Structure formats: C-alpha cells, structure tokens
Amino acid sequence: MKEFTGISASPGIAIGRAFPYLEDSTTIPHYDITDNQIAMEYQRFVEAADKAAVEIQDIIDNTSEEDRYTENNFLETHVMMLNDPEFRQKVNEGLKQQQVNVERVLMDVVDDLVGKMSNAQDSYLQERTVDLHDVSRRVLNHLLYRERLSLADLQEEIILVTHNLLPTDAVLMNKRMVKGIAMDVGGKTSHTAILSRAFEIPAVLGLSSITQEVRTGDTLIIDGNKGVVIVEPDDKTLDQYVSNRKEWERREVQLLYMNELAAETTDGKLIKLTANIEVPEEIDSVLSHGADGIGLFRSEFLFIQPNRIADEEEQYQAYSKVLQAMPESPVTIRTLDVGGDKVIPELKGMDEQNPILGWRAVRFCLSNLDIFRTQLRALLRASPEGDLRIMFPMISGVEELVNVMNVLNEVKEDLRRENIPFNEDIPVGIMIEVPSAALTSDILAKEASFFSIGTNDLIQYTIAVDRGNEKIAYLYEPFHPGVLRLLQIVIHQAHEQGIEVSMCGELAGDPYAAVILLGLGLDEYSMSSFSIPEVKKIIRSVSMSTAEELVGEILEMKSYHEIDRYIRSWMDERFEILSR
Ligand code: PEP
Ligand code: MG
C-alpha cells in the first residue's frame with residue numbers, strides 16, 4: 001500500500017481499478033518488481049508482442065499485392081523484428097538485470113538499439129530506427145491497454161490516472177465509467193478540476209508523478225475530500241474507505257432536503273444560489289440540487305466537437321435546450337472564453353509563449369469576428385426561449401466592453417433587418433476577473449447590467465500565480481488580503497451603481513467562504529450544482545450582521561495565513577463542513 005497527497009480538486013470518495021491514460025514516453029510507468037515477478041512481466045511482453053505482430057499481419061493481409069511490395073514492405077520488417085528471438089532475449093535479460101516493469105525495460109532496450117543503429121555507418125540501418133520506435137510503440141499500446149484508449153469508448157468502470165487531461169478528453173470521455181481521477185498536474189481551479197466537479201467525479205490533482213506509480217488494474221482509492229490517493233490499499237484501509245464512502249453518500253442525500261428551501265439568512269436577506277455548467281447535459285443535476293438558475297454556462301465546451309467548431313444552428317439548439325429546461329429562471333451564458341488554459345485544438349494560432357496573459361476570451365473574439373458574431377446570433381435567437389443573460393469574459397477595461405457591445409449591437413441590427421425575433425432588453429453583464437476591471441468597477445458598472453466575479457482568474461492575476469500549476473498552488477490564496485480588498489471594491493461599486501454582483505469562480509462554492517461573501521454583500525453565488533445544498537445550509541444559519549462583523553474582523557488582519565486560520569476555525573466551530 002502506498003499513499004500520495006495532492007490537491008483535492010473534486011470531493012467524494014472513489015474506489016476502483018486504475019486505468020493509466022498515458023500519452024508519451026515521459027509518462028511510461030516505472031516501478032520495481034521482485035524476482036518472482038520477472039517471469040510474469042516477460043509473459044506480459046510476449047503476449048503484447050504477439051498481439052502487435054498479429055495486428056501488423058492483418059494490415060499486410062488486407063493490403064493489395066502491389067502496395068505490399070512498395071509502401072508497405074516495411075511492415076514485413078516490423079513482424080520480423082517482433083518475432084526476432086534476439087530482441088525478445090534482450091527484454092528478458094533487461095528484466096533480470098534491472099528488476100523493473102517491462103514497459104520501462106522495453107523502452108531501455110529500444111533506446112539502446114536505436115543508439116547503436118544511429119551510430120552505424122550504414123544508412124539503411126539508420127533508417128530502421130524509425131521502425132523500431134514504431135514497433136515498440138505498438139507493443140507499449142498493448143502493454144498499457146491502449147487498444148481501448150479512447151476515453152469515449154470506456155466500457156467498464158475505472159479510475160483514470162493521467163499526466164494531464166485536455167478539455168476535449170474530459171468532455172468527450174464516457175463519464176459514467178470514470179469513477180475517479182488522479183492526475184500528475186493541475187490545481188484546484190484547473191479545467192480538469194472544474195469539469196470533475198461538474199460531472200461529480202472525485203478527483204485528486206497535482207500528484208506530481210502518480211502516473212509513474214500506478215499500473216493498470218491496481219486498486220486505487222481516490223479521497224477527493226482530503227486530496228489523497230491510496231494505491232493497493234490493505235484490507236483495513238479498504239474497509240475503512242468503503243464505510244467512509246457510504247457515509248459521504250448518506251450525508252449528501254440528507255442535504256437534499258435543502259432543495260425546497262430558500263437561501264435566506266436568519267435576518268431575512270435572500271441570496272440567489274445558481275449553478276455553473278459546462279455542457280447542457282448537466283441540467284438534470286442543476287434541477288435536482290435546487291439551483292435558482294444558471295449563473296455561468298461556460299459555452300466554450302460546446303465548441304469542442306471532434307475536429308470542428310459548433311455552427312450557429314448547433315449553438316442555438318444547445319442554448320435553447322438549457323433555456324427551455326429552466327424557463328422561469330435566469331440563465332447566464334458566457335461568450336467564448338478560449339485561450340489561456342482552455343485550448344481548443346481546432347482554433348489555430350493559440351500556441352503562445354504566455355497564453356494566460358495572451359490571446360484569450362474577448363481578445364480572441366474581437367479578432368475572430370466570424371466566430372464571435374455567430375455565437376452572438378445564436379444567443380440572441382435563443383433569447384425568447386427563457387430568461388437569458390449574456391456575459392462577456394476577461395473584460396480588462398471600458399474600451400473592450402464598448403467594443404464587444406458594438407459587435408453585439410451590429411448583430412442585433414442584422415437580426416432586426418432579417419425579422420428574426422430576440423429579446424431587445426437582454427441583460428448584458430461582464431465578468432470581473434482581471435484586476436484592472438476590479439479597480440475600475442465604478443466605470444464598468446455604468447455600462448453593464450450585472451457583474452460576475454471570476455475568482456479563478458482574479459486570484460491568478462492578482463497574486464500572479466498560475467491557477468493550474470501545482471508547484472505554486474500554496475500561493476493560490478483566496479483569502480489573501482489583496483483579493484478580499486478587490487472583492488470589497490467590486491461589490492461596493494456595483495451596488496453604488498445599482499447593479500447586482502454574482503460570483504462564479506470556485507470560491508463561490510467553497511463552504512469556508514460562504515459567510516465572508518455574505519458579509520461582503522454578494523448577491524448571487526454560482527457554483528457546481530452539488531455544492532449548492534451545503535452552501536445553502538450555511539447561509540440559512542447566519543445573520544447578515546454576524547457575517548458583516550466577521551468581514552470587519554478579517555479585513556483588519558494582515559496575512560493570508562492569519563485570515564485562513566481564523567476563518568477555518570470560526571466555520572468549524574459552527575458548521576459541520578463536508579468538503580474541505
Ligand atoms: C473564473 O475565472 O473564475 C471563471 C469562472 O472562469 P473560468 O474558470 O472559466 O476561467
Ligand atoms: Mg475565468
């Protein structure tokens with residue numbers, strides 16, 4: 001049994017079999033084996049090599065005679081390499097000498113052969129190095145079960161173990177089968193974290209090298225509450241976690257009685273608790289957790305279609321579906337926020353040196369007007385279906401807001417000309433997630449119908465700490481006095497101008513932040529649906545005056561640590577917090 005600690009990214013407990021999803025040789029597992037495992041490891045290699053040979057033979061058999069002797073004759077060489085007794089012998093010897101897993105040994109044997117062949121004078125031999133790489137990759141695919149590697153095709157329940165997960169993989173994977181996630185990289189507000197919370201999959205990220213420690217089929221425990229991963233637990237630990245999981249599920253179900261109740265403080269202030277969603281399929285979970293609407297629909301995930309970008313009609317259908325599911329409740333859809341950590345492979349030119357400070361969100365849209373206008377048309381067309389609000393991300397100053405509003409007005413004009421109905425008074429809000437926007441919130445509040453504070457980015461830009469980088473995750477401090485002061489400014493300025501303020505960053509769903517945000521005057525909290533009941537329970541148990549008093553106290557404190565310690569003990573004394 002081995003235990004690893006990372007960042008708790010999505011709460012809950014999962015127990016299951018490991019499925020390493022590895023993309024390149026840097027993430028090939030590396031672990032020691034004992035004397036009596038050598039024969040078993042060699043047998044795994046023989047089976048994988050045999051399968052690879054059969055696979056190549058199939059390709060050869062299905063190739064026409066003509067091609068077989070031209071383009072594809074290298075395949076014959078591949079079969080020969082795989083069946084070469086000397087090659088197999090080298091792997092067996094490597095296993096005995098190194099006493100590590102066969103994937104690692106295979107990589108070393110291939111590296112060694114490639115080194116010798118590259119140094120040879122013979123150009124034919126030099127060219128054969130490509131074949132060796134190709135062959136070894138095929139064998140590795142079998143050793144690592146990559147033949148069923150498409151996450152969309154998963155047919156059995158697994159715990160996903162990976163170095164990193166592209167948003168595309170996360171959206172397209174078969175979520176019913178992924179019971180937990182353990183990842184080398186990633187922080188609490190990285191997109192894998194956000195998506196795993198959205199799909200209610202317990203996840204521990206930022207584990208550094210978990211991909212090196214786990215092999216296919218190992219039993220894993222993912223404790224998303226504590227940020228712990230246990231590999232091959234002993235019986236006692238396993239029993240303990242089976243009962244912890246039951247207890248967690250029981251308490252979650254218990255909290256659902258909150259659904260019928262309003263988020264109202266003991267002295268009568270009504271707060272809106274809305275949901276963040278990434279794909280329309282999450283609507284059922286939004287409805288079953290008693291959300292007052294949708295505070296953030298991250299539309300960029302709609303753009304992740306295999307090999308293309310969703311067109312106007314597809315977007316219109318998706319937006320309408322969400323609006324029709326919640327006809328009485330406000331639904332805030334954010335325009336495309338690509339770039340930074342949300343790279344969509346189909347959109348070209350996004351490989352920048354400094355993407356977080358680069359060509360993202362409205363900056364990208366303003367220079368890709370076709371994409372931007374298409375989205376705005378789809379949104380406006382869907383607006384009569386419900387209470388739609390449009391929200392622009394990453395606004396850094398009033399000029400940018402004026403520019404995006406101009407495009408919106410042009411699109412409205414087009415629709416009028418074409419006699420296509422839309423809501424003329426559609427509320428248009430902005431995200432406050434760049435410090436310059438927070439500091440000029442008095443100016444921006446005159447131009448926007450509402451604010452929504454994106455703390456994930458606001459914290460990142462205020463403290464200059466990459467939100468997805470586990471190495472500096474300790475600096476990602478939501479209760480940093482600098483962050484709290486910005487929140488105070490934004491909420492105060494918005495209220496001065498008579499507009500409401502929501503928060504859709506992950507801080508809104510953090511139960512430890514619930515009372516502080518109340519005291520700061522936040523009107524709406526938008527979060528992963530399953531966090532709603534717990535936050536609601538807290539809001540229903542305090543008064544505004546208590547919350548304001550707490551805020552008064554912490555704003556006097558000098559350091560994050562002081563504030564964090566104080567808040568945690570203040571909250572723990574009063575509430576039994578489930579996810580920490
Ligand atoms: C945020 O930055 O807080 C936010 C909600 O947007 P995203 O996480 O999608 O960048
Ligand atoms: Mg953001």
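Everything below is about the structure shown above.
These lines cover the structure that appears in this document, whether it is placed above or below. Treat the numbers as computed from the prediction; the structure is a model and nothing was measured.

1. A word on the coordination of the magnesium ion (ligand 2)
Put simply, the ideal angle at a metal is 109.5 degrees for four donors in tetrahedral geometry and 90 or 180 degrees for six donors in octahedral geometry.
Thinking step 1. Within the protein, the magnesium ion (ligand 2) binds to Glu-433 (OE) and Asp-457 (OD); these donor distances fall in the range 2.0 to 2.1 Å. In this pair, Glu-433 sits in the loop between strand 13 (428–432) and helix 16 (435–439) while Asp-457 sits in helix 18 (residues 455–463), placing the two residues 24 residues apart along the sequence. No difference in accessibility class separates Glu-433 from Asp-457, as the two residues are buried.

2. Brief notes about the nonpolar core
Thinking step 1. Of all hydrophobic cores here, the largest spans 102 residues; its most connected members are Phe-392, Phe-451, Leu-487 and Tyr-525.
Thinking step 2. Excluding anything up to four places from it in sequence, Tyr-525 contacts Ile-271, Lys-272, Leu-273, Thr-274, Met-503, Ala-508, Ala-514, Leu-517, Leu-518, Val-535 and Ile-539.
Thinking step 3. One finds Ile-28, Ile-60, Met-107 and Leu-143 within the second-largest nonpolar core, a separate group that totals 37 residues.

3. Observations concerning the site of ligand 1
Thinking step 1. Around ligand 1, 16 residues are found, and the nearest of them are Arg-298, Arg-334, Gly-454, Asn-456 and Arg-467.
Thinking step 2. The backbone of Asn-456 places a nitrogen or oxygen atom 2.8 Å from an oxygen atom of ligand 1.
Thinking step 3. Considered on its own, ligand 1 offers 280 Å² of accessible surface; in the complex 100% of this is hidden by protein.
Thinking step 4. Counting residues per element, the ones that place at least two in the shell around ligand 1 are helix 8 (191–198), strand 10 (294–298) and helix 18.

4. Regarding the environment of Pro-20
Thinking step 1. Here Pro-20 shows up in strand 3 (residues 13–21).
Thinking step 2. With relative accessibility at 3%, the residue Pro-20 sits in the buried group.
Thinking step 3. Each C-alpha atom, one on Pro-20 and one on Val-161, is 4.5 Å from the other, the two residues being 141 residues apart in sequence.
Thinking step 4. Residue contacts for Pro-20: discarding those within four places in its chain leaves Val-161, Val-214, Arg-215 and Thr-216.

5. Concerning the sheet that holds strand 2 (residues 7–10)
Sheet strands pair via backbone hydrogen bonds, and the direction of the pair is either parallel or antiparallel.
Thinking step 1. The mixed open sheet is built from eight strands, whose spatial order is 1-8-7-3-4-5-6-2. Edge positions in the open sheet fall to strand 1 (2–5) and strand 2, since each of these has one partner strand only. Taking the axes of each pair of neighbouring strands and ignoring which way they run, one obtains an average angle of 30° across the sheet.
Thinking step 2. Along the sheet, helix 8 makes contact with strand 2, strand 5 (178–183) and strand 6 (203–205), crossing strand 2 at roughly 45°.
Thinking step 3. Contacts from helix 10 (residues 235–255) reach strand 3, strand 7 (219–223) and strand 8 (228–231), with the element oriented near 115° to strand 3.

Conventions adopted
Residues numbered from 1 in each chain as written. Chains lettered and ligands numbered in written order. Predicted model: local features only at pLDDT ≥ 70, side-chain atom pairs only at ≥ 80, totals over all residues. Heavy atoms only, no water. Donors = N, O, S within 2.8 Å, 3.2 Å for Na, K, Ca; no water. Helix = DSSP H or I, 4+ residues; strand = E, 2+ residues; numbered from the N terminus. Buried < 20%, exposed > 50% of the residue type's maximum accessible area, 1.4 Å probe, protein only. Core = buried A, V, L, I, M, F, W, Y, C linked by side-chain atoms within 4.5 Å. Contact = heavy atoms within 4.5 Å. Near = heavy atom within 4 Å. Polar contact = N/O pair within 3.5 Å; in protein donor to acceptor, adjacent residues only side chain to side chain. Areas by Shrake-Rupley, 256 points an atom, 1.4 Å probe, with all protein chains shown as cover. Pairing = 2+ DSSP bridges. Axes fitted to C-alpha atoms, helices over the stretch in contact; angles between N-to-C directions.

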